[in-house]
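The lines below spell out each chain.
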Amino acid sequence: MKIRIDETIYEGTGTAIMDQLRLSSFDPTEHPDAQSYLQQLRANFIRTTGLDCPLPEGSVERQAQAMIDHLAKYGALEVLRDG
């Protein structure tokens, strides 16, 4: 998978992209792994848009891909290549 947020391109699995975003945040120690970052990102999405953001049961990878799909649908990022 390859996505663009503003002028930055991220590439890898959904989980790898979540880790890259987590590590580029202001305080990456606040979220020790992709799962905790993903839950914070979901909460921010719901708070900001007022829209539901359901994530599937199962692996972090499935949830990360679903979150990327939600963000792309509402223009927060662009999917350049789907994995």
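Bear in mind the structure is a predicted one, so any value in this text is a computation, not a measurement.

Criteria and cut-off values
Residues numbered from 1 in each chain as written. Predicted model: local features only at pLDDT ≥ 70, side-chain atom pairs only at ≥ 80, totals over all residues. Heavy atoms only, no water. Helix = DSSP H or I, 4+ residues; strand = E, 2+ residues; numbered from the N terminus. Rg over C-alpha atoms; globule rule 2.2 N^0.38 Å. Buried < 20%, exposed > 50% of the residue type's maximum accessible area, 1.4 Å probe, protein only. Contact = heavy atoms within 4.5 Å. Areas by Shrake-Rupley, 256 points an atom, 1.4 Å probe, with all protein chains shown as cover. Lys, Arg positive; Asp, Glu negative; His and termini not counted. Charge placed at Lys NZ, Arg CZ, Asp CG, Glu CD. Polar contact = N/O pair within 3.5 Å; in protein donor to acceptor, adjacent residues only side chain to side chain. Core = buried A, V, L, I, M, F, W, Y, C linked by side-chain atoms within 4.5 Å. Pairing = 2+ DSSP bridges. Salt bridge = Lys/Arg side-chain N within 4 Å of Asp/Glu carboxyl O.

Colleague: I'd like to hear about the overall build of the protein, residue by residue, with values.
Modeller: Across its full length, the protein holds three helices and three strands. Its helices and strands taken in sequence order, the protein reads β-β-α-α-α-β from the N to the C terminus. Relative to a compact globule of 83 residues, whose C-alpha radius of gyration would be 12 Å, the protein shows 12 Å and is just as compact. For the protein, the spread of C-alpha atoms along the three principal axes comes to 30 × 25 × 25 Å. Evaluated residue by residue, the protein yields a buried proportion of 29% over its 83 residues. Taking all contacts inside the protein whose residues are at least 6 apart in sequence as the whole, residues at least 24 apart take part in 43%. Of the roughly 5,100 Å² of accessible surface on the protein, a fraction of 50% belongs to carbon and sulfur atoms. Computed over 8 positive and 13 negative side-chain charges, the separation of the two mean positions in the protein equals 3 Å.

Colleague: Could you give me a rundown of the environment of T48, with the residues and numbers involved?
Modeller: Mapped onto the elements of the fold, T48 is located in helix α2 (residues 34-49). Here N44 takes part through its backbone oxygen, which lies 2.7 Å from a polar atom of the side chain of T48.

Colleague: Please give an account of the nonpolar core that cites residues and values.
Modeller: Of all hydrophobic cores here, the largest spans 19 residues; its most connected members are I3, I17, M18, M67 and I68. Where this core is concerned, the elements lending two or more residues are α1 (14-23), α2 and α3 (60-73). Residues in contact with M67, not counting those within four places in the same chain, are M18, L38, L41, R42, F45, C53 and L55.

Colleague: Tell me about the pairing of strand β2 (residues 8-11), and name the residues and values.
Modeller: In this structure, strand β1 (residues 2-5) lies alongside β2, joined through four bridges in antiparallel fashion. Bridged to I3 within β2 is Y10. Where β1 folds back onto β2 in an antiparallel hairpin, the turn is made up of two residues, including D6, whose phi is positive at roughly 55 degrees.

Colleague: Help me get a handle on the pattern of salt bridges, residues and values and all.
Modeller: Applying the stated rule across the entire model yields three salt bridges. For R22, the salt bridge is made with D19, and the minimal N-O distance between the two is 3.2 Å. On the criterion of helical spacing, the pair formed by R22 and D19 is a turn pair, its members being three residues apart in helix α1. Of the residues examined, R22 reaches a relative accessible area of 11% and is grouped as buried. Take D19: its relative accessible area is 25%, and that puts it in the partly exposed class.

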